[in-house]
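# Chains, contacts and geometry: an overview
Take a look at the letters that make up each chain.
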Amino acid sequence: MALLGLNIDHVATVREARKTNEPDPVWAATLAEIGGADGITLHLREDRRHVQERDLQLLRQTVTVKLNLELACDDAVLQIAAAARPHQATLVPERREEVTTEGGLDAAGQRERVGDAVKRLQDAGIVVSLFLDPDLRQIEMAAEMGAEAVELHTGAYAHATADFAGEQELATLLTSAAAVRNAGLTLHAGHGLTYRNVKPVATIPGMCELNIGHSIISRAIMVGLERAVRDMKRLIS
Ligand code: PXP
C-alpha cells in the first residue's frame, strides 16, 4: 500500500498572501498526522514564496512521521537542508517564473550538479529522492548517481484531458515504475493527483509513496468552510 505524504506548501501560500501568522503549516502538519498522513512534504523555494526557513525548523522538531523536504540543487538551500537533516530530500528543478514545479529534474543533462547535490545530502544522513519525468534515461541516471528513490512526475497523466491520452500517460508511468523497481530504487509519485485520478497511480505495483498537496488542501477548504463560518457567526451574535 502506498504511503501518503501531504504537501503543505499551499497552507503557507495562504499565510504569505497576507504575510501574517495564519494558517500555520506547522499546525496543519499536526492535523495531517492526526488524519493519518504518513509524511509531511514541504518545498523550500529559493524565492521563499510560501514555505519559510522557520517552518522547516519547527516542522523538523514537531513532525513525527516522515519529513520530506523538496529543494533545488542550489548551494544555499542544500546547506540549509544538510543542517536541518529532514528524513528525506527530494531534488526538484526550480524556475522563479513557474507557478509550481512544472517538469522533472534533468538528472541526465545536469549530471555533475545533481550528482553533487545527491552526495551532499547523503553525507548529511538524508535519504535522497529525485523528482523525474517518466523517462527511462533519467531513471538510469538516478540509479547511477546512487539516489535511494525516484518520484515520478504524474503531471502529464493528471492533466491529460481525453481518456485515451490519460491511458497513454498511465502506460508510460507503468513502464517507468517498472524501471525504477528494476533499478532497485524506491518508487514514489506525485504532482496533480486528485481524488478522481489517484487510484490508478496508487495501484501501480511497488508504489511506496504519493505526495499530494493542492487537491487535499482544496478539499480541506470545502469541507471546513461551513464550520468556520458558523464559528465566526456565533462570535458576532
Ligand atoms: N511532488 C513534487 C515533487 C512537487 O513539486 C509537488 C508540487 O509542489 C507535489 C508533489 C504535489 O503536487 P500537487 O500540489 O499538485 O498535489
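To be clear, the structure that these remarks concern was listed above.
Notes on the structure follow. Please read all numbers here as calculations on a predicted model, not as lab measurements.

### What to know about the site of the ligand
Around the ligand, 15 residues are found, and the nearest of them are Thr101, Glu151, Gly192, Gly213 and His214. His10 is positioned with one of its side-chain polar atoms (N or O) 3.4 Å from an oxygen atom of the ligand. Residue His214 places a main-chain N or O atom 2.9 Å away from an oxygen atom belonging to the ligand. Within the complex, 94% of the 400 Å² of free accessible area of the ligand lies under protein. Elements with a contribution of two residues or more to the shell around the ligand: helix H1 (9-16) and strand E8 (207-212).

### Here we look at the sheet that holds E8
Taken in spatial order, the 8 strands close into a barrel running E1-E2-E3-E4-E5-E6-E7-E8, and their pairing is parallel. Each neighbouring strand pair of the sheet contributes to a mean axis angle of 25°, computed without reference to strand direction. Bridging between strand E1 (residues 3-7) and strand E2 (residues 39-43) involves 3 bridges; their strand directions are parallel. Bridge assignment links Asn7 to a residue of E2, and that residue is Thr41. Along the sheet, helix H10 (residues 214-236) makes contact with E1 and E8, crossing E1 at roughly 70°.

Conventions adopted
- Residues numbered from 1 in each chain as written.
- Predicted model: local features only at pLDDT ≥ 70, side-chain atom pairs only at ≥ 80, totals over all residues.
- Heavy atoms only, no water.
- Near = heavy atom within 4 Å.
- Polar contact = N/O pair within 3.5 Å; in protein donor to acceptor, adjacent residues only side chain to side chain.
- Areas by Shrake-Rupley, 256 points an atom, 1.4 Å probe, with all protein chains shown as cover.
- Helix = DSSP H or I, 4+ residues; strand = E, 2+ residues; numbered from the N terminus.
- Pairing = 2+ DSSP bridges.
- Axes fitted to C-alpha atoms, helices over the stretch in contact; angles between N-to-C directions.
- Contact = heavy atoms within 4.5 Å.

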